[in-house]
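What the coordinates show
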Amino acid sequence: MDTTQLMQIALDLVGFATIPDDSAIYVPGENIRRVLFGLDIGVAELLMARNLGYDAVIAHHPVGVPHRVWRVFERHVALLTGAGVPEAVAQAAVAPKMATLRLNGSVTNYEQVPLAARRLGMPFMNVHAPLDELGRRVMQSAVDVLLLSAPDATLRDVTTVLGMLPAAQRAAVPIEVLLGDPGARAGKVLVCHGAYTNGGDAVARACFEHGIDTVIYIHIAPGDLESLRRDKRGQLIVTGHILGDAFGIEPYISALRAQGIQVDVLSDILA
């Protein structure tokens, strides 16, 4: 198998026609049988992979495309409008943070890790949005099944259902209700994930103001959380970053293994 095929497997899992802007093949490779997968890959992990005889390294988080990852944040617009938020409101909620992400793209040393991989002759790629979208679907499906059978389910019930997913059993960071009473009715729940990073207070606020009672993020900045708390409106559940990512990574690793690829993972959460 080659790196193009490894990427295509991820795209096919979610029906993406093209590689999103936060994913890339940095160093192409062929005849890949043994893969090292890590959520975050640096030069040290590349050296370890070479020394241990791996044929390729796959990262989840992007390391070489900071100049374009901001475009993926706009996926929040589709998530919001699909849940009933007016498009103009969704666009306005997304625009400020997307502009910040675009400026931040000029800060990162985007050459360091991909160039090290090239010098080492180590095939290297990262897959981000496809796996986050897969994880979003896993979480939203689990919540939707719960609410279909128990329309009056509480926030605590939602965290319990998510906590029953296999990866959650191995996570050190708990799934938490950060906004709202755990015993309160969850109501309409939207998992906001798969759009590069969390939507912050603006995206959550747009949800709360347009019929969505509960938002699920995988993480949120303290300042954004305090901003939402001052509103005294809406409910927020946070899964934890690594666990939230794991929900989408696990099916991808299973798909690779089903193709006969040996995949070793730098994570105790991922099986």
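Structure: above.
This write-up is about the structure you can find in this document. Computed from a prediction, not measured in an experiment: that's the story for all the values here. (Residues numbered from 1 in each chain as written. Predicted model: local features only at pLDDT ≥ 70, side-chain atom pairs only at ≥ 80, totals over all residues. Heavy atoms only, no water.)

Attention shifts here to the overall build of the protein chain. Each helix and strand in the protein chain was counted, giving 10 helices and nine strands. Relative to the 2.2 N^0.38 estimate, which gives 18 Å for 271 residues, the radius of gyration of the protein chain is 19 Å and therefore close to what a compact globule would have. Seen through its principal axes, the protein chain has C-alpha atoms that stretch 55 × 40 × 30 Å. In the protein chain, 74% of the contacts between residues at least 6 apart in sequence involve partners at least 24 apart. Accessible surface, the protein chain: about 11900 Å² in total, of which carbon and sulfur atoms supply 52%. For the protein chain, the distance from the average site of its 22 positive side-chain charges to the average site of its 28 negative ones is 2 Å. (Helix = DSSP H or I, 4+ residues; strand = E, 2+ residues; numbered from the N terminus. Rg over C-alpha atoms; globule rule 2.2 N^0.38 Å. Contact = heavy atoms within 4.5 Å. Areas by Shrake-Rupley, 256 points an atom, 1.4 Å probe, with all protein chains shown as cover. Lys, Arg positive; Asp, Glu negative; His and termini not counted. Charge placed at Lys NZ, Arg CZ, Asp CG, Glu CD.)

We now examine the packing of aromatic side chains. One pass over the structure, following the stated rule, counts two aromatic pairs. Above the plane of the ring of Tyr 54 lies Arg 34, whose end atom (NZ or CZ) is 4.3 Å from the centre. (Phe/Tyr/Trp six-rings, centres within 6.5 Å; stacked < 30°, edge-to-face > 60°. Lys NZ or Arg CZ within 6 Å of the ring centre and 35° of its normal.)

Below, the discussion takes up helix H4 (residues 87-104). Here H4 spans 26 Å end to end across 18 residues, near enough to the 26 Å set by a 1.5 Å rise per residue. In H4, a bend of some 35° at Ala 95 exceeds every other bend along the element, and Pro 96, a proline, comes one to four places later. All buried positions along H4 are accounted for by Ala 90, Ala 93, Val 94, Met 98 and Leu 101. (Expected span 1.5 Å × (residues − 1). Bend = angle between axes of the 7 residues up to and from the residue. Buried < 20%, exposed > 50% of the residue type's maximum accessible area, 1.4 Å probe, protein only.)

Within helix H3 (residues 75-82) the residues assigned to the buried category are His 76, Val 77, Leu 79 and Leu 80. The buried side chains of H3 occupy one side of the element, clustering within an arc of 165° when seen end-on. Turned more than 90 degrees off the buried face of H3, the exposed positions are Ala 78 and Gly 82. Within two residues after H3, Gly 84 carries a phi angle of roughly 105°, on the positive side. (Arc of directions from axis to C-beta.)

Side chains of nonpolar character tend, in soluble globular proteins, to be buried together. Core analysis: the largest hydrophobic core is formed by 52 residues, its most contacted members being Phe 37, Ile 58, Leu 162 and Tyr 252. Of all the elements in the fold, those that place two or more residues in this core are helix H1 (3-14), strand S2 (34-38), strand S3 (56-59), helix H6 (129-149), helix H7 (155-163), strand S6 (189-191), helix H10 (241-258) and strand S9 (262-265). When near neighbours in sequence (up to four residues on either side) are disregarded, Tyr 252 contacts Leu 6, Met 7, Ile 9, Ala 10, Leu 13, Phe 37, Ile 58, Met 125, Val 127, Leu 131 and Leu 134. Of all hydrophobic cores here, the second largest spans 27 residues; its members include Phe 73, Ala 90, Tyr 217 and Val 238. (Core = buried A, V, L, I, M, F, W, Y, C linked by side-chain atoms within 4.5 Å.)

Glancing now at unusual backbone geometry. Its identity as a non-glycine residue notwithstanding, Asn 31 has a phi of 55°, on the positive side. In this structure, Asn 31 sits in the loop between strand S1 (24-27) and S2. The backbone of Lys 232 sits at a positive phi, close to 55°, despite the residue not being glycine. Positionally, Lys 232 belongs in the loop between helix H9 (222-231) and strand S8 (235-238). Exposure remark for Lys 232: the relative accessible area of 77% places this residue in the exposed category.

A separate point is the environment of Asn 109. You can see Asn 109 is positioned in the loop between H4 and helix H5 (112-120). Here the alpha-carbon distance between Asn 109 and Trp 70, two residues 39 residues apart in the chain, equals 16 Å. Of the polar contacts made by the side chain of Asn 109, one reaches the backbone nitrogen of Glu 111; its length is 3.2 Å. Within the local environment of Asn 109, its side chain forms a polar contact with the backbone nitrogen of Gln 112, the two atoms lying 3.4 Å apart. (Polar contact = N/O pair within 3.5 Å; in protein donor to acceptor, adjacent residues only side chain to side chain.)

Where helix H2 (residues 43-51) meets H5, the closest approach of the two axes is 9 Å, and the angle between their N-to-C directions is 20°. Relative to H5, the element H2 lies roughly parallel. The way H2 lies across H5 gives a crossing that is right-handed. Two secondary-structure elements touch here, H2 through Val 43, Leu 46, Leu 47 and Arg 50 and H5 through Gln 112, Val 113, Ala 116, Ala 117 and Leu 120. Split into classes, the residues belonging to the contact of H2 with H5 amount to seven nonpolar, one polar and one charged. (Axes fitted to C-alpha atoms, helices over the stretch in contact; angles between N-to-C directions. Parallel < 35°, antiparallel > 145°, perpendicular 65-115°, else oblique. Left-handed = near helix turned anticlockwise from the far one by under 90°. Nonpolar A, V, L, I, M, F, W, Y, C, P; charged D, E, K, R; others polar.)

By themselves these figures say nothing about function.
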